[in-house]
Each structure stands twice: as C-alpha cells, then as structure tokens.
Amino acid sequence: MTVFSVTSPRSSRTSAKTRARAHLVPFALTGACAASAIALVAYLLWPTWSTGGADAPDKLPVSVGGTLFNLPIPAIRMKIQRHSGPQERIDLDFLYPSLEAPNGPRHVTAETVDTTMQPIDRIFLSIAAHHDALSPEQRTATIYPRYFDQAAATPDDGLTMRMFRSDTPYGSEDLYSATSPALTARCTRDAATPGMCLAERRVGGADLTFRFPRSWLSQWRDVADAMEKLTAQLGGPRR
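Residues numbered from 1 in each chain as written. Predicted model: local features only at pLDDT ≥ 70, side-chain atom pairs only at ≥ 80, totals over all residues. Heavy atoms only, no water.

Draft legend 1. Geometry of the sheet that holds strand β3 (residues 85-87). Read across the sheet, three strands follow the order β2-β1-β3 without closing on themselves; strand pairing throughout is mixed. Across the chains shown, the open sheet's two edge strands, defined by having one partner strand only, are β2 (67-72) and β3. Sheet twist, expressed as the average angle between the axes of neighbouring strands with direction ignored, equals 40°. In this structure, strand β1 (residues 59-64) lies alongside β3, joined through three bridges in parallel fashion. Bridged to V64 within β3 is Q87. (Pairing = 2+ DSSP bridges. Helix = DSSP H or I, 4+ residues; strand = E, 2+ residues; numbered from the N terminus. Axes fitted to C-alpha atoms, helices over the stretch in contact; angles between N-to-C directions.)

Structure follows, in structure tokens:
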C-alpha cells in the first residue's frame, strides 16, 4: 500500500508567514534599541542646543550625591554636563569678584593671540559626590598635621600658614587657615607658573572644591566670603 502525504496550500502559506514574522522580530528589537539610544543622547545633549530665547532656562536643577543644586548654565564648563538630573561631578567657573557666570570663551585668532600670561579673573568650582570619603574637616584635623614642617607658624592679618615637609605628598604646598571668616586652603607655591589654592567644603552628599590663585590670599577675607556666597547662591544647604 502506498501512502500519500497531502499538504494543504493554506497550511504552507500560514507557515511561511509565521517564519517571516519570526525573522522580523530581531530587526524590530534592534530598531527599538537604536531609537532608545538616540533618544537618550538627545536628552543628554538637549541643553547645548538652546538658542538662548526668552523661554530658555538660565539655571539647571542638578543632583550631585543626592544633594540638589541650581546651577547657572553659562557657568558649567563642559557641554556634556549641561543637563538636569543626577550627575557624579560637575565643573563650573565664576568671574571674580562679581561671581557672575562668564559669557563664554573669548575667540582668539593667530592675529589677536596674546602670548603673555594673563592674570586669572575667575574662581573655579568642582562639585562631586563624596561617597562617605573622609571629610575636608577630618583631613585638616588628622591627616595634614602629620606632614607639617616643625617650624612655628604665626598668624599674619588673621591668616596662618603652615609649610608641608618636602618629603611628603604635599611637599610643594602650604596650608593656610583662618577662623573669622573660616578659611582652609592648600596652596602650591609660585614657580614657573603662579601658585594655586584649593579649598574644600562638604554640602550634603557632595564635596565642593574651589580653586583660585594664591595671590588672592592678600585679600583672603574677600575670597572666603565669595566662596560662602557661591555656596548659598547654588542652592545647597549651609554646613
């Protein structure tokens, strides 16, 4: 006996359609992933496309270490950081002594470039999540004294300087401190380039690191007040 297998044309067509749909699924998933990636990049870069119209915001709400700051957009130094929401770190600069956000870098050409070193006219600020690292106050109280030179330090106009020993990690720096107003700054010494100072303070889950020229310490009270004002203006709670 001969057995014949008969396949319905309708069943063949249905099977072919099922296989075609199965092949389309990976392409659809790939397209969805690509669209999501493009949307994410557009979201992150959107503030840099602002035309500066009347409706454009002048500040961005940014969360660093779970602490909210309201940051003026022109003061944010890196375009990729110009978006709202949580960030690990953000870098800014402000004109000194006005504390206004700069208008942007000056356009320089080969004809207008000035090879002489220009004085720094701004204070730099980095805000970064501290992740429960040692606080600036703890470092000042427990770490730095181990590396001080034994030479006695005497206040000058209310500001005390302690030198670090040359055989320490801070060998080319000095520590300046004052109490009224409060100031603690670690400063490199003048060499081929002018010395710079670093002053830190903790606000919530973030550490604020200010950088400014060492020469500004001749008016150290004004610098301390400027850092306090900036901390308040950016919306972070006081220490």
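Draft legend 2. Expanded view of the nonpolar core. Among the nonpolar cores identified, the biggest contains 39 residues, and I127 and F212 are the most heavily contacted of them. It is helix α3 (residues 220-233) that contributes the most residues to this core, six residues altogether. If we skip the residues at most four places from it in the chain, I127 touches V64, F69, L71, E88, R89, I90, L92, A206, D207, L208 and L234. I143, F148, F164 and Y170 belong to the second-largest nonpolar core, a separate cluster that totals six residues. (Core = buried A, V, L, I, M, F, W, Y, C linked by side-chain atoms within 4.5 Å. Buried < 20%, exposed > 50% of the residue type's maximum accessible area, 1.4 Å probe, protein only. Contact = heavy atoms within 4.5 Å.)

Draft legend 3. View of helix α2 (residues 136-143). Taken residue by residue, α2 has P136, R139 and I143 as its buried positions. What you see down the axis of α2 is that its buried residues fit within an arc of 75°, all on one side. (Arc of directions from axis to C-beta.)

Draft legend 4. Geometry of α3. Helix length check: α3, at 14 residues, gives a terminal C-alpha distance of 20 Å against a target of 20 Å (1.5 Å per residue), a fit within 8%. For α3, the full list of buried residues reads W220, V223, A224, A226, M227, L230 and T231. Relative to the axis of α3, the buried residues are bounded by an arc of 155° and lie together on one face. Check the buried side of α3 and you find it contacts β4 (89-95), β5 (122-129), β7 (173-179), β8 (182-188), β9 (196-203) and β10 (206-213). Count one or two residues on from α3 and you reach G235, which has phi positive near 90°. (Expected span 1.5 Å × (residues − 1).)

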